[in-house]
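Listed below are the residues making up each chain.
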Amino acid sequence: MDASLNGKVAVVAGATRGAGRGIAAGLGEAGATVVCTGRSSTTGNAASDYDRPETIEETAAIVTDLGGTGIAIQVDHLERDQVRALADHIRDEFGHVDILVNDIWGAEVLKGPPAQWNTPIWEHDLDTGLRIVRLGIETHLITSHYLLPLVICEPGGLLIEVTDGTADYNAANYRISAFYDLVKTSVNRLAFSQGHELAPHQGTAVAVTPGWLRSEMMLENWGVTEENWRDALKADRADGSPTAPPPFADSESPRYLGRGIAAMAADDDRARWNQQSVTSADLARAYQISDIDGTRPDSWTSG
């Protein structure tokens, strides 16, 4: 813990697992108070698209264990009334928000396994595709609508839009399906447009993408944990688990992304990032930070 964000209030929307949990943890390491929202709670999954054990309460506990203050609030970010109530609660409790992270996703299962990628739009299940769009774009718009008024209460507020792929990369590469491609490209543009709107209020908006993320789901897919993840690269694994491809060697923990965002949030000159689209590795180089294992991976440039 470096205490650089002591006294700062952050909201990580979509903090249950993966990048969201890593970002919440990174902000907690720096001493922030982190409101962790999502649908999966100890009280029930609240229409989550995943049947998984992770909860927002677990994330909040990690934040607190790392030196911050974690607060879990169950919210479905597709439901306007719930997001409005979240904003009202934070306004009453804290008065403002210093850092808002839009990491809502929830469509990892809906995008399908690699064998289903590259399915043309006319063959893709329309209901599934439109659900991906709602989860990946509409949630961000609703959250910004209700929470950005709390970010601009004080100068220097920061909005982070989390996506997959930078604006430049996504502009030149087809991403899985027309629906997924639209979502991940649109989130980059959201940072650009909202940065334009925040600038007069001395606020900053940045789109950030992780590299190959060792999320809970990814580790489970290769039959490893964060402690032994390199075993996934071994050929002919004794337990019969699949072998990950060589680029997995350059994967990163979710905390790597969180540490980069925490460093940006603590930077008095963070406005220099406004409207940009960057990777976790870009932030690591700029702020001289490392992943939890001491490395500085960059899967976007390593191939």
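Reference entry: report on the structure contained in this document. Predicted model, so just to flag it, every value in this text is computed and none were measured.

## Some points on the overall build of the protein
Here's step 1: Each helix and strand in the protein was counted, giving ten helices and seven strands.
Here's step 2: For 303 residues, the compact-globule estimate of 2.2 N^0.38 gives 19 Å, and the C-alpha radius of gyration of the protein, at 18 Å, lies within 12% of that figure.
Here's step 3: Its C-alpha atoms put the protein at 55 × 45 × 40 Å along the principal axes.
Here's step 4: Each of the 303 residues in the protein was classed as buried or not, and the buried ones make up 53%.
Here's step 5: The long-range fraction of contacts in the protein, counting pairs at least 24 apart against all pairs at least 6 apart in sequence, stands at 71%.
Here's step 6: Just so you have it, the protein exposes about 13100 Å², and 51% of that area is on carbon and sulfur atoms.
Here's step 7: For the protein, the separation between the mean place of its 24 positive charges and that of its 43 negative charges on side chains is 2 Å.

## Let's talk about the side chain of His77
Here's step 1: Within the secondary structure layout, His77 lies in the loop between β3 (69-74) and α3 (80-93).
Here's step 2: Within the structure, His77 has its side chain in polar contact with the side chain of Thr37 (distance 2.7 Å).
Here's step 3: Within the local environment of His77, its side chain forms a polar contact with the side chain of Thr143, the two groups lying 2.8 Å apart.
Here's step 4: When residues no more than four places from it in sequence are discounted, the contact partners of His77 are Ala13, Thr37, Val83, Leu86, Ile104, Thr139, Ile142 and Thr143.

## Some points on the sheet that holds strand β7 (residues 277-279)
Backbone-to-backbone hydrogen bonds join strands into a sheet, with any given pair of strands oriented parallel or antiparallel.
Here's step 1: Overall, parallel pairing links the seven strands, which are arranged β3-β2-β1-β4-β5-β6-β7 in an open sheet. Looking at which strands have only one partner, the edges of the open sheet turn out to be β3 and β7. Neighbour to neighbour, the strand axes of the sheet diverge by 20° on average, direction disregarded.
Here's step 2: Two elements, strand β6 (residues 204-209) and β7, share three bridges in a ladder whose sense is parallel. Of the residues in β7, the one forming a bridge with Ala207 is Ser277.
Here's step 3: On the sheet, helix α2 (residues 56-65) packs against β2 (33-38) and β3 and is oriented at approximately 170° with respect to β3.
Here's step 4: Seen against the sheet, helix α6 (residues 178-198) touches β5 (158-162), β6 and β7 and runs at an angle of roughly 165° to β6.

## Side note on the pairing of β2
Here's step 1: With respect to burial, β2 is a largely interior element, six of its six residues being buried.
Here's step 2: Of the two faces of β2, the one lined by Thr33, Val35 and Thr37 and the one lined by Val34, Cys36 and Gly38 are each fully buried.
Here's step 3: With five bridges joining them, strand β1 (residues 9-13) and β2 adopt parallel strand pairing. Each residue of the ladder has a partner; that of Ala10, found in β2, is Val34.
Here's step 4: This β-α-β element, β1 to helix α1 (residues 18-29) to β2, shows right-handed connectivity.
Here's step 5: Two elements, β2 and β3, share six bridges in a ladder whose sense is parallel. Bridging from a neighbouring strand, Cys36 pairs with Ala72 of β3.
Here's step 6: Note that the unit made of β2, α2 and β3 has a crossover that is right-handed.

Cut-offs used in this document
The residue numbers shown here count from 1 along each chain, following its written sequence. This being a predicted model, a pLDDT of at least 70 is required before a residue's local features are given, and a value of 80 or more before pairs of side-chain atoms are given or counted; all residues contribute to the totals for chains, interfaces and linings. Hydrogens are left out, water is left out, and the side-chain values use all remaining heavy atoms of the structure. A run of H or I in DSSP counts as a helix once it spans at least four residues, and a run of E counts as a strand once it spans at least two, with each numbered from the N terminus. We take the radius of gyration over the C-alpha atoms and set the globule estimate at 2.2 Å times the residue count to the 0.38 power. Note on exposure labels: buried denotes an accessible area under 20% of the residue type's maximum, exposed denotes more than 50%, and partly exposed covers the range between, all computed with a 1.4 Å probe on protein chains only. Only heavy atoms matter for contacts: two residues are in contact if any of them lie within 4.5 Å across the pair. Residue exposure ignores everything except the shown protein chains as possible cover, and the areas themselves are Shrake-Rupley values with a 1.4 Å probe. Only four residue types enter the tally: Lys and Arg on the positive side, Asp and Glu on the negative side; His and the chain ends are excluded. To locate a charge, the coordinates of NZ of Lys, CZ of Arg, CG of Asp or CD of Glu are taken. Pairs of N or O atoms are called polar contacts if they sit within 3.5 Å, as long as, within protein, a hydrogen donor faces a hydrogen acceptor (for residues adjacent in sequence, only side-chain-to-side-chain pairs). Strand pairing requires that DSSP identify at least two bridges connecting the strands. For helices, the fitted line uses only the C-alpha atoms of the stretch in contact; every axis is such a line through C-alpha atoms, and the angle between N-to-C directions lies from 0 to 180 degrees. Assignment of crossover handedness uses the view with strands pointing away from the viewer, where a clockwise path from the first strand over the helix to the second indicates a right-handed crossover.

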